Amino acid sequence: MYLAYSLGSAGAAMKCRSELLGSRVLAPSRDGAGFGVGDDGVFPGFLPKQVLQIKDPFARRLAQRMERLPVQSEYHDRCIMSSCVKPLIQREEEKPLVLLHSFDSSLLEWRCAHPLLEGAGLEAWAVDILGWGFNDLAKLPPCDAESKRHHLYQFWKAHIRRPMTLVGPSLGASLAIDFAVNFPEAVDRLVLINPSVYAEGTKHMKKMPRLVAYAGVSLLGSIPLRFYANRLCFSSASLSTNLDWTNVARLHCHLPWWKDATVDFMFSGGFNVIHNIKKVEQKTLIICGENDRIISNALTHKLHSELADSKFRQVSDSGHLPHVDKPRQVSQLITEFASQK
């Protein structure tokens with residue numbers, strides 16, 4: 001299940017500004033000399049050089065728009081430079097859309113749907129969850145579920161500051177529910193896509209030797225396992241597409257702190273939000289892929305029955321990540337729901 005699935009003192013503020021000024025540089029080039037430019041533009045320098053191998057034009061364009069913004073950490077006297085894609089247009093009078101991603105993934109998961117949502121006139125933010133994606137974790141903070149929730153709140157407080165429609169696919173739905181219950185003032189409504197919210201976390205890993213845990217995480221980042229996960233999610237995609245999407249899905253695994261952050265999350269117990277489901281008061285849209293082979297449709301219907309104010313929509317001929325393989329249908333559903341009064 002986890003395969004397919006988180007400003008204070010003057011001194012800290014000074015560090016934020018300093019890190020922000022130096023956060024966007026050019027990536028290494030294909031030949032290793034000078035500065036790197038993709039065939040269609042420049043990539044931010046904090047991305048691993050393997051981004052140049054990605055062929056998907058939507059992933060490349062979204063990666064080129066990526067930047068890091070400062071988010072104050074309560075665990076260090078410093079900012080965490082947090083990766084995101086800011087909306088092209090921000091309107092203070094409108095409620096923004098904030099797109100999370102699934103377990104051990106990145107905002108590049110939204111490569112196909114994000115431009116459609118912007119094209120529909122929505123203020124769409126795509127953000128990386130703490131511990132995954134392309135956040136700067138050189139000084140590793142805790143990456144447990146509570147820290148992921150706190151980091152998202154600090155990001156919202158620093159850069160968004162308006163009630164939002166929070167979108168969570170797969171395990172990202174657990175963070176969305178956890179966040180909505182703890183910070184209701186920040187969430188106007190929820191969109192949960194093939195939500196994995198009935199898992200009881202990773203408590204069993206606490207008894208595992210750390211060496212074994214690191215070996216398992218290394219396997220999680222490997223090409224064969226990521227490719228297999230992609231095959232589960234996108235059974236109708238061609239071999240070449242699945243190989244390229246595998247490179248997209250594991251791009252963040254090349255960052256030096258990825259293993260440490262993932263093991264920390266696993267040992268912390270993961271997400272367990274079962275007790276929070278019935279506490280959700282926001283209007284919620286549940287989107288389900290017709291052919292999801294990761295999350296049972298029965299669990300999605302159960303969630304629909306337990307949420308006080310929810311709607312259910314199914315995307316035909318789609319798997320576990322319909323915002324990737326059926327972005328037009330999903331974007332339309334999200335746009336209609338987010339635009340309702």
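Residues numbered from 1 in each chain as written. Predicted model: local features only at pLDDT ≥ 70, side-chain atom pairs only at ≥ 80, totals over all residues. Heavy atoms only, no water.

(A) Just the overall build of the protein chain, in detail. The helix and strand tally for the protein chain stands at 12 helices and 10 strands. Taken across its 341 residues, the protein chain has 58% of its residues classed as buried. Roughly 14200 Å² of accessible area belongs to the protein chain as shown, and the carbon and sulfur atoms make up 55% of that amount. (Helix = DSSP H or I, 4+ residues; strand = E, 2+ residues; numbered from the N terminus. Buried < 20%, exposed > 50% of the residue type's maximum accessible area, 1.4 Å probe, protein only. Areas by Shrake-Rupley, 256 points an atom, 1.4 Å probe, with all protein chains shown as cover.)

(B) Quick peek at the layout of surface pockets. Computed from the structure, the largest pocket encloses a volume of approximately 300 Å³. Looking at the largest pocket, it is lined by 16 residues, and the ones nearest its centre are Glu94, Lys95, Ala338, Ser339 and Lys341. For the lining of the largest pocket, the elements supplying multiple residues, two or more each, are β8 (187–193) and α12 (327–339). The element that contributes the greatest number of residues to the lining of the largest pocket is α12, accounting for three residues. Classifying every residue of the lining of the largest pocket by side-chain character gives five nonpolar, five polar and six charged. (1 Å grid on protein atoms, 1.4 Å probe; cavity = no way out; pocket = protein on both sides within 12 Å on 5 of 7 lines; lining within 4 Å. Points joined across faces, edges and corners; volume = space filled by probe spheres on them. Nonpolar A, V, L, I, M, F, W, Y, C, P; charged D, E, K, R; others polar.)

(C) How the structure looks around the packing of helix α6 (residues 210–220) against helix α9 (residues 258–268). For the pair α6 and α9, interaxial distance at closest approach is 10 Å and the crossing angle is 120°. In this structure, the crossing between α6 and α9 has a hand that is right-handed. Residues Arg210, Ala213, Tyr214, Val217, Ser218 and Leu220 of α6 form the contact with α9, whose participating residues are Trp258, Lys259, Asp260, Thr262, Val263 and Phe267. Looking at side-chain class alone, the contact of α6 with α9 contains seven nonpolar, two polar and three charged residues. (Axes fitted to C-alpha atoms, helices over the stretch in contact; angles between N-to-C directions. Left-handed = near helix turned anticlockwise from the far one by under 90°. Contact = heavy atoms within 4.5 Å.)

(D) Spotlight on the pairing of strand β7 (residues 164–169). Along β7, six of the six residues are buried, which leaves the element largely enclosed by surrounding structure. On β7, burial covers both faces: Met164, Leu166 and Gly168 on one face and Thr165, Val167 and Pro169 on the other are all buried. Here strand β5 (residues 97–99) pairs with β7 via three bridges, running parallel. Across the sheet, the residue bridging to Leu99 is Val167, located in β7. (Pairing = 2+ DSSP bridges.)

(E) Quick peek at the sheet that holds strand β10 (residues 310–315). The eight strands are arranged β3-β4-β6-β5-β7-β8-β9-β10 in an open sheet whose pairing can be described as mixed. Single-partner strands in this sheet number two, and they are β3 (67–72) and β10. Sheet twist, expressed as the average angle between the axes of neighbouring strands with direction ignored, equals 25°. Where strand β9 (residues 283–289) meets β10, six bridges bridge the pair, whose relative direction is parallel. Looking at β10, one finds that Gly289 is bridged to Val315.

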